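If you want the building blocks of each chain, they are given just below.
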Amino acid sequence: MDNKPGMKNGERRMQKPQNSRGGGNQRRSGQKNSPQQNGSSQPSANGKPAVSRGAAVRAQKRTQMDAQRVANQWMPAQVDENRRANFIDDTPRLKIIGLGGMDGGGSKNMMLVEYVNDAVVIDAGNDLSVDLPGINYGIADTAYMENIRHKLRAYIITHGHLDHIGGLPHIVPKFPAPVYGSKFTIGRVHEIFENFGLPMPEGFELKTVEMNEDTHERLKIGEFYVELVRVTHSIPGSTIVVLDTPVGRIINTGDFRFDPNPLDHERTDMERLIELGNEGVLALLSESTTVERLGRTPSESTIEKSYVDIMQQAPGRIFVGVFSTNMNRIQMIVNAAVHHGRKVAIDGRSMVSTLEMAVRHGFMKIPKGTFIPIAQVGTMTDGQVVVICTGSQGEPSSALQRMANGEHRHIKLKEQDTVILSSTPIPESGNDALIGQMVDDLVKNHVHVFEHRNHDLDKVGPLHVSGHASQDEYAEMIQMTKPKFFIPIYGAFRVKQRHIDLAIEQGIPRANCLNALNGEVIALTPDKMEIIGEVPSGTILVDQTGAIVSNVVVKDRVLLAEEGLVAVVLTVDKKTGNLLTSPDIISRGFIYMREQEEIMNGLRGEVRRAVTQRYKRIDIDRFKAELKDHITHYLFEQTGRSPIVIPVINIIGGKSEDTAA
């Protein structure tokens, strides 16, 4: 190390933490600045300019702030403990609050509708796009519901996709109420509760109510009446929620498109939507996922021939990656396979579970003898089998991804194989890179891959149609329902603003449109719509087991991922205060110690000097704080990085042995 003025034999004096602003050293009266304190540089042992302690502390703070910013993208609700968590408004106004789904790409969708002493929740989904170490998904924070639990009457679900039902196993046991939905949707709700990784609280019983979307039945829920209206999407049983309230009628579209020729022949009930519009609609809450797309979304029927043609030409096995809940698409692929005399194997736990439920409830028609176990694929002639599997989004643990990586238990890809990706990346999900890497791995296995985006290049028909509307359909929804007020939901803020522009073109006054954020309280009377306040909102993070993960833990994981960890273990004699062994240094994700012996030996020397200079002069907690600060400074000076530093002190001697970590 470099020699400093006033230090013998090149010693580095252990610096005490200062209470200066910004983490630097303040000049005391009568004290001269050293070269490191005034910012001048002298060469250190590794030949780099010396770095002041203040610069090291500031760099560490920047690293921590960067990690906190990453974690804060999915922050839980910020509740002032000195105030009630809920927004207090007892006037007879209808309140609509987006606890989730009013930002990003429309995820963890969750709308709360409240009137005086009654409240219902429409959808309670999760966010699968969370990209944090060890995190599986996020759900909407329900802090506000703590204080209105006595008002909660029901959960009403538009359809069975996870971004609309994935939060239910976390939220319903905490705030019990019956779950309403179509037959298929309720089947999906039972499915996710059965497959949930954690046990339910003692005494909890899931209560569900199946509603018939074809008969226009209306059920009373507190002061509300609810009706479900059939709509086409990419999952059976999709519905529009019609909620009649004492203030007026509101409609939540859920996710939708207007497919004129769906495979299951379950067309959108447009006649009923027109009737509702003629009767009067106070507010339309319309999903906004793909409102930037012009025209109309093609019918699902337009892609049926593509699968028949590819199966006609493909010489070997065919693997089709598809969303696990897209039963119409799976039915279409099964039909094409049967047409060509091929057997079908299904792979992917979520797909198998949903398919079993769909077959059990009569939503799919599978000829007897069509399905074979995935383990039997290897015994079949290549031209006689189709495998339908999860992984169309490149998900790391999906069946198709494991095949691409060569890690699948039963399938080893070979040259004659064909893979069809029957999807496009989910908007705002960031899945493009995952899909691209998976396709690279498939091509490395000499497999021919068909993607929808390249279908013209590959001279095949389209392989995917969106489950969401395009501009003309979004406009048509507004035209049919003729709402007085318009609130775009379930989409990114910028996309929702486009939706408002579209609504204005359909004749809705700009003053009657509102682009709200999560947590904002929208108050409605028959004549007025306004934002009257805000309730706590945010994201609760969930790991692979289903357990909740603290934001503080996430910040530490981000720091570990970015900067790594260094633990310094000291064994100190209780009587003398001397080190009994050489400091033990453990580095994880920081540097490879065997290649950085000079830095590690220098660190051990610094730690020895710190023990000699300070250990017996101050209490153990203060010594640990100073040691951590000193090590951070040294490592930043040597490497320009600020890992998490954990000092562990084992005190040996006397009747007992103590450990301070």
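Heads up: the structure comes first, above all this text.
Summarised in this report is the structure supplied together with it. (Residues numbered from 1 in each chain as written. Predicted model: local features only at pLDDT ≥ 70, side-chain atom pairs only at ≥ 80, totals over all residues. Heavy atoms only, no water.)

**Brief notes about the packing of aromatic side chains**
Right, so step 1: Using the criterion set out here, one finds five aromatic pairs in the structure.
Right, so step 2: An angle of 85 degrees between the planes, with centres 4.9 Å apart, marks the rings of Phe-184 and Phe-363 as edge-to-face. Taken together, the positions of Phe-184 in helix α4 (residues 183-194) and Phe-363 in the loop between α8 (349-360) and β16 (385-389) put the pair 179 residues apart, joining distant regions of the chain.
Right, so step 3: Ring centres of Phe-256 and Phe-258 lie 5.2 Å apart, and the angle between their planes is 40 degrees; this geometry places the pair in the tilted category. Grouping residues by exposure puts Phe-256 and Phe-258 together as buried.
Right, so step 4: Counting every residue linked through ring pairs, the aromatic cluster contains Phe-256, Phe-258 and Tyr-474. (Phe/Tyr/Trp six-rings, centres within 6.5 Å; stacked < 30°, edge-to-face > 60°. Helix = DSSP H or I, 4+ residues; strand = E, 2+ residues; numbered from the N terminus. Buried < 20%, exposed > 50% of the residue type's maximum accessible area, 1.4 Å probe, protein only.)

**A closer look at the environment of Val-447**
Right, so step 1: Checked against the element boundaries, Val-447 lands in the loop between α10 (432-444) and β18 (448-451).
Right, so step 2: Looking at Val-447, the relative accessible area reads 5%, which means it is buried.
Right, so step 3: The sequence separation of Val-447 and Glu-415 amounts to 32 residues, and the corresponding C-alpha distance is 5.3 Å.

**Side note on the pairing of strand β14 (residues 318-321)**
Right, so step 1: Judged by which residues are buried, β14 turns out to be covered on both faces: Ile-318 and Val-320 on one side and Phe-319 and Gly-321 on the other are all buried.
Right, so step 2: When β14 meets β16, the two strands line up parallel, connected through four bridges. Bridge pairing links Val-320 to Ile-388 in β16.
Right, so step 3: Note: β14 against strand β17 (residues 418-421), four bridges, orientation parallel. The residue of β17 that forms the bridge with Phe-319 is Val-419. (Pairing = 2+ DSSP bridges.)

**Some details on the sheet that holds strand β2 (residues 110-115)**
Right, so step 1: The strand order across the open sheet built from eight strands is β8-β7-β6-β3-β2-β1-β20-β21, with neighbouring strands paired in mixed fashion. Every interior strand has two partners, whereas the edge strands, β8 (208-210) and β21 (529-534), have only one. On average, each strand axis in the sheet is tilted by 25 degrees relative to the strand beside it, whichever way the strands run.
Right, so step 2: Pairing of β2 with strand β3 (residues 118-122), which is carried by five bridges, proceeds in the antiparallel orientation. Of the residues in β3, the one forming a bridge with Met-111 is Ile-122.
Right, so step 3: Packing against the sheet, α4 makes contact with β7 (179-181) and β8, and its axis sits at approximately 155 degrees to β8. (Axes fitted to C-alpha atoms, helices over the stretch in contact; angles between N-to-C directions. Contact = heavy atoms within 4.5 Å.)

**Topic: the nonpolar core**
If you look at soluble globular proteins, the nonpolar side chains tend to sit buried side by side.
Right, so step 1: One finds Met-110, Met-145, Tyr-155, Leu-168, Ile-171, Val-179 and Phe-193 to be the most contacted residues of the largest nonpolar core, which totals 34 residues.
Right, so step 2: Elements with a minimum of two residues in this core: β1 (94-100), β2, β3, β5 (137-140), β6 (152-156), α3 (168-171), α4 and β22 (539-542).
Right, so step 3: The greatest single-element share of this core, amounting to four residues, is contributed by α4.
Right, so step 4: If you look at the next biggest cluster of nonpolar residues, it comprises 32 residues, including Leu-228, Leu-282, Leu-285 and Leu-524. (Core = buried A, V, L, I, M, F, W, Y, C linked by side-chain atoms within 4.5 Å.)

**A few points about the pairing of strand β20 (residues 520-524)**
Right, so step 1: Of all five residues in β20, five are buried; the element is thus mostly enclosed.
Right, so step 2: Burial along β20 is two-sided: Glu-520, Ile-522 and Leu-524 facing one way and Val-521 and Ala-523 facing the other are all buried.
Right, so step 3: Sheet topology places β1 next to β20; four bridges connect them, and they run antiparallel. Along β20, the bridge assignment pairs Lys-95 with Ala-523.

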